[in-house]
Amino acid sequence: MALNYIWTGFFLVGFVAALAQWLFLGDNEIFKRVIDGTFSSAKMAVMDIALPLAGVMTLWLGIMNIGEKAGAINLFARIIAPFFSRIFPGVPREHPANGHMVMNFSANILGLDNAATPFGLKAMESLQTLNPHKEEASDAQIMFLVIQTSGLTVIPLAIMAQRAILGAANPADIFIPTLIATFCSTFTGIVAVSLRQRINLLDPVVFGWIGGLTAIIGALVFYLTNYLAKSEIELVSVVAANLILFSIIAAFMVAALRKGINVFEAFIEGAKGGIETSLKIIPYLVGMLVAISVVRNSGILGLIVNAFEWVFTQLGLRTDFVGALPTALMKPLSGSGSRAMMIDAMTTYGVDSFVGRLASILQGAADTTFYIVALYFGSVGIRKTRYAIGYGLLADLAGVIAAIFVAYLFFG
């Protein structure tokens, strides 16, 4: 319902703003600009974004299916199972929920959204069997949901594909910055919920995982900050990101060959979903891009950005990041809406501009908190969410702050 009001509000507020400019400022071209913008945005959504995206998604969904067939998800499951068994102390070790959660997290880490959602819904259903109060979220369900809302994705496939479509010189240059930002979001969510639920963060396995990953990220940021110039940091990001992605492709294929899998058939099987995925997002993409076009061409989005710029100027802070903030503000509400905001930022400021790159990092730094709460809790009939939304938004905030920091570090 929130998205319904937001989307409708974009048009109504845009109409009022345009009407005011016509009546009080004598701008006789305002309505033409708004309507021309709707046609232009609708065409761009289909011809310049959704259709080219079909090719990119076809390629990568095929690659990801090879990894799935090769056992990549099962490998991730075995690696992270000891850690997750400790942050879900209310779930018995042999309970099916453990396997479903690990499969969900593993699929998310690999960017396999189509596989992650069914695993996630099944995990929530399994956790509900352990829940003594069926209409109220349990501790385990809240921890699971907050990790979901933190945007735990190592490979931001869709974002890199979008950047490629819009002509980015190096579409994967946001890979490492996004990895750092989403780690901060997930780290904040896990630690905050653990403290609330009195989970022992000093347990050797928990401390080893959280402390080890934090040390790696911290060492990376320290090295980049103290030993490399801005141009060298950007070069490292581009080379490392593409090397890692190419290595993953090669590893998937080698693992599949060792298991006797027909690699090409596995690729074709997964690739078939590429066009379907692209076609599914066309109505959402057209709807949101047209609505954002109305807000932009009526002058409202500019006023919002200017308001943020004024506030941060008064605080003595840099303001060149405010153009990307609409993406961050929309992210907790709607994935399609924030994707449209990201695309709008990249097309307005430039795909390789600071704002364009920051919007991409913000898109990958967190997830759609309100949508995930509605989907996952709604699927099992939970009405009392307790502190799930608040802690999910806290993780989102940490991701936004981290995204701005790493954007300045890598591209500022």
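Refer to the structure printed above.
Residues numbered from 1 in each chain as written. Predicted model: local features only at pLDDT ≥ 70, side-chain atom pairs only at ≥ 80, totals over all residues. Heavy atoms only, no water.

Caption draft 1: Molecular detail of the overall build of the chain. Regarding its fold elements, the chain presents 17 helices and zero strands. Computed over the C-alpha atoms, the radius of gyration of the chain is 22 Å, within 12% of the 22 Å expected from 2.2 N^0.38 for a compact globule of 412 residues. When its C-alpha atoms are laid out on the principal axes, the chain stretches across 70 × 50 × 45 Å. The contacts of the chain with a sequence gap of at least 6 include a subset with a gap of at least 24, amounting to 80%. Carbon and sulfur atoms make up 68% of the accessible area of the chain, which amounts to about 18800 Å² in all. Separation between the mean location of the 25 positive side-chain charges and that of the 24 negative ones in the chain comes to 6 Å. (Helix = DSSP H or I, 4+ residues; strand = E, 2+ residues; numbered from the N terminus. Rg over C-alpha atoms; globule rule 2.2 N^0.38 Å. Contact = heavy atoms within 4.5 Å. Areas by Shrake-Rupley, 256 points an atom, 1.4 Å probe, with all protein chains shown as cover. Lys, Arg positive; Asp, Glu negative; His and termini not counted. Charge placed at Lys NZ, Arg CZ, Asp CG, Glu CD.)

Caption draft 2: Representation of the packing of aromatic side chains. Within this structure, the stated rule accounts for 13 aromatic pairs. Between the aromatic rings of F83 and W209, the centroid separation amounts to 5.5 Å while the plane-to-plane angle is 20 degrees, which identifies the pairing as stacked. Note that F83 is positioned in helix α3 (residues 72-87) and W209 in helix α9 (residues 204-227), a separation of 126 residues in sequence. W209 sits in the partly exposed class, given a relative accessible area of 26%. Arranged with centres 6.1 Å apart and planes meeting at 45 degrees, the rings of F410 and F411 form a pair that is tilted. For the residue pair F410 and F411, the accessibility class agrees, reading buried in each case. Taken together, F308, F312, F321, F354 and Y408 form an aromatic cluster joined through their ring pairs. One Lys or Arg, R196, reaches over the ring of Y387 and ends 4.1 Å from the middle of that ring. (Phe/Tyr/Trp six-rings, centres within 6.5 Å; stacked < 30°, edge-to-face > 60°. Buried < 20%, exposed > 50% of the residue type's maximum accessible area, 1.4 Å probe, protein only. Lys NZ or Arg CZ within 6 Å of the ring centre and 35° of its normal.)

Caption draft 3: Layout of the nonpolar core. Ranked by size, the top nonpolar core spans 78 residues in total, and within it F10, L289, F321, L358, I361 and F410 carry the most contacts. Looking at which element gives the most residues to this core, the answer is helix α11 (residues 263-297), with 11 residues. The contact partners of F321, leaving out residues within four places of it in the chain, are F312, F354, L358, I404 and Y408. Judged by nonpolar contacts, the second largest core, of 37 residues, contains I87, A97, V102 and V193. (Core = buried A, V, L, I, M, F, W, Y, C linked by side-chain atoms within 4.5 Å.)

Caption draft 4: Region of the structure containing helix α16 (residues 369-379). Restricting attention to buried positions, one finds in α16 the residues T369, I372, V373, Y376 and F377. What you see down the axis of α16 is that its buried residues fit within an arc of 100 degrees, all on one side. (Arc of directions from axis to C-beta.)

Caption draft 5: The arrangement of unusual backbone geometry in detail. For R198, which is not glycine, the phi torsion reads 60 degrees and is therefore positive. Residue placement: R198 occurs in the loop between α8 (175-197) and α9.

Caption draft 6: Seen up close, the layout of surface pockets. Of the pockets and cavities examined, the second largest pocket occupies roughly 680 Å³. Taken together, the elements giving at least two residues each to the lining of the second largest pocket come down to α3, α8 and α9. Per-element accounting of the lining of the second largest pocket gives the leading share, nine residues, to α8. (1 Å grid on protein atoms, 1.4 Å probe; cavity = no way out; pocket = protein on both sides within 12 Å on 5 of 7 lines; lining within 4 Å. Points joined across faces, edges and corners; volume = space filled by probe spheres on them.)

Caption draft 7: Inspection of the packing of α8 against helix α15 (residues 354-365) at higher detail. One can describe the packing of α8 onto α15 by two numbers: an axis separation of 8 Å at closest approach and a directional angle of 40 degrees. Between α8 and α15, the crossing angle belongs to the class labelled oblique. In the crossing of α8 with α15, the sense of the turn from one axis to the other is right-handed. Of α15, the residues touching α8 (which contributes P177, T178, A181, T182 and S185) are S360, I361, G364 and A365. (Axes fitted to C-alpha atoms, helices over the stretch in contact; angles between N-to-C directions. Parallel < 35°, antiparallel > 145°, perpendicular 65-115°, else oblique. Left-handed = near helix turned anticlockwise from the far one by under 90°.)

Caption draft 8: Seen up close, the side chain of Q128. Note on placement: Q128 falls in helix α5 (residues 113-128). A polar contact of 2.9 Å, which involves the side chain of Q128, links it to the side chain of Q141. Leave out the neighbours within four places in its chain, and Q128 touches K134, Q141, V380 and I382. (Polar contact = N/O pair within 3.5 Å; in protein donor to acceptor, adjacent residues only side chain to side chain.)

Caption draft 9: Just empty space enclosed by the protein, in detail. Per the stated rule, a full pass over the model turns up one cavity of 30 Å³ or more. The leading source of residues in the lining of the largest cavity is helix α14 (residues 335-349), at three residues. In terms of residue class, the lining of the largest cavity is built from four nonpolar, one polar and two charged. (Nonpolar A, V, L, I, M, F, W, Y, C, P; charged D, E, K, R; others polar.)

Caption draft 10: Spotlight on the pattern of salt bridges. If you walk through the whole model with that rule in mind, you get 10 salt bridges. Taking the shortest distance from any N to any O, the salt bridge between E125 and K122 comes out at 3.7 Å. One end of the pair is E125 and the other is K122, both in helix α5 and three residues apart, which spans about a single turn. For E125, a relative accessible area of 45% gives the class partly exposed. Residue classification places K122 among the partly exposed residues on the basis of a relative accessible area of 38%. For R357, the salt bridge goes to D173, with nearest N and O atoms at 2.9 Å. Separated by 184 residues along the polypeptide, R357 in helix α15 and D173 in the loop between α7 (157-165) and α8 bring together distant segments of the chain. Side by side, R357 and D173 carry an identical accessibility label, which is buried. Look at the salt bridges and you will find they share partners, linking R163, D173, D352 and R357 into a network. (Salt bridge = Lys/Arg side-chain N within 4 Å of Asp/Glu carboxyl O.)

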